[in-house]
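Given next are the chains, with one letter for each unit.
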Amino acid sequence: MRQNRIDLAIKAATGALLAVLAFVIVYSVQDHVVGVGDSAPNFTIKTESGVEMSPRNFGGKLLVLNFWATWCAPCVQEIPSLNEFQKMFASQGVVVLGVNVDSRQDLYRNMLKKFKISFPTARDPEENINYRYGTYRVPESYIIGRNGKVLQKYAGLPEVNGEWKLWTDPEIVNYVRSLL
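Definitions and cut-offs
- Residues numbered from 1 in each chain as written.
- Predicted model: local features only at pLDDT ≥ 70, side-chain atom pairs only at ≥ 80, totals over all residues.
- Heavy atoms only, no water.
- Helix = DSSP H or I, 4+ residues; strand = E, 2+ residues; numbered from the N terminus.
- Buried < 20%, exposed > 50% of the residue type's maximum accessible area, 1.4 Å probe, protein only.
- Contact = heavy atoms within 4.5 Å.
- Arc of directions from axis to C-beta.
- Polar contact = N/O pair within 3.5 Å; in protein donor to acceptor, adjacent residues only side chain to side chain.
- Expected span 1.5 Å × (residues − 1).
- Bend = angle between axes of the 7 residues up to and from the residue.
- Axes fitted to C-alpha atoms, helices over the stretch in contact; angles between N-to-C directions.
- Left-handed = near helix turned anticlockwise from the far one by under 90°.
- Nonpolar A, V, L, I, M, F, W, Y, C, P; charged D, E, K, R; others polar.

Let's talk about the side chain of Thr 70
Thinking step 1. Mapped onto the fold, Thr 70 is located in the loop between β3 (62-68) and α2 (73-89).
Thinking step 2. By relative accessible area, Thr 70 is classed as buried at 18%.
Thinking step 3. Look past the residues within four positions of Thr 70 in its chain and what remains in contact with it is Val 76, Asn 100, Asp 102, Leu 107, Tyr 108 and Met 111.

Looking at helix α5 (residues 170-179)
Thinking step 1. Of all the positions in α5, only Ile 172, Val 173 and Val 176 are classed as buried. One side of α5 carries all its buried residues, which in axial view fall inside an arc of 100°. Those residues of α5 that are exposed and aimed more than 90 degrees away from the buried face are Pro 170 and Ser 178.
Thinking step 2. Contacts made by the buried residues of α5 are with β3, α2, β4 (94-100), β6 (140-144), β7 (150-155) and β8 (159-160).
Thinking step 3. Taking the backbone nitrogen of Glu 171 as reference, a side-chain oxygen 2.9 Å away marks Asp 169 as the first, capping residue of α5.

Looking at the environment of Tyr 133
Thinking step 1. Considering the arrangement of structural elements, one finds Tyr 133 in helix α4 (residues 128-133).
Thinking step 2. Separated by 98 residues in sequence, Tyr 133 and Gly 35 place their C-alpha atoms 8.5 Å apart.
Thinking step 3. Those residues in contact with Tyr 133 that lie beyond four places of it in its chain are His 32, Val 33, Val 34, Ala 40, Pro 41, Phe 43, Pro 55, Leu 65, Phe 67, Tyr 142 and Ile 144.

Topic: α2
Thinking step 1. An ideal rise of 1.5 Å per residue puts 24 Å on 17 residues; α2 measures up with 25 Å between its terminal C-alpha atoms.
Thinking step 2. The largest bend in α2 amounts to roughly 35° and is located at Ile 79, with the proline Pro 80 lying one to four residues further along.
Thinking step 3. Buried residues of α2: Cys 75, Glu 78, Ile 79, Ser 81, Leu 82, Asn 83, Phe 85, Gln 86 and Phe 89, and no others.
Thinking step 4. Turning to α2, the residues buried within the fold contact β3, β4, α3 (105-115) and α5.

Overview of the packing of α2 against α5
Thinking step 1. In contact at an axis separation of 12 Å, α2 and α5 are set at 35° when each is read in the N-to-C sense. Where α2 crosses over α5, the handedness of that crossing is right-handed. Contact residues: Phe 85, Met 88 and Phe 89 in α2; Val 173, Val 176 and Arg 177 in α5.
Thinking step 2. Residue composition of the contact of α2 with α5, by class: five nonpolar, no polar and one charged.

Below, the structure is given as structure tokens:
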């Protein structure tokens, strides 16, 4: 009788441990994707110009965080408009930060020169930052408010009413102005 209770207790403990293990595995494999209204995950990255940047050190500015790569056709398409967008809004408290995920630094640097990219950029070839945001394809952009919350997310080029837009499109520009 006593052996039956011990066996039953071992089986119950084993079952409970298996349930906990299954929960831990499912929770750890589950992707966390940052969306509108979420707090932007913090990070620190050194830009091409040597400045350390983080969503927390923008001093009340609006941050446009853009993940891109040189091999990505939509990324190449949007870079000139992001350049113009940054120039348009720089004096109004908006900062564009481009995070490049290329493994080859030479391709990244050639792109900077070719397009004369004027907004701060940095490389994250290990994709640590975009992983924290749940970003697995490029381009993907987040507009992060002064309070650190994600105000808008664009998976791909910016989209308004189902139409792809560039950053200098009046609808995107007016939307950003409404956030200031």
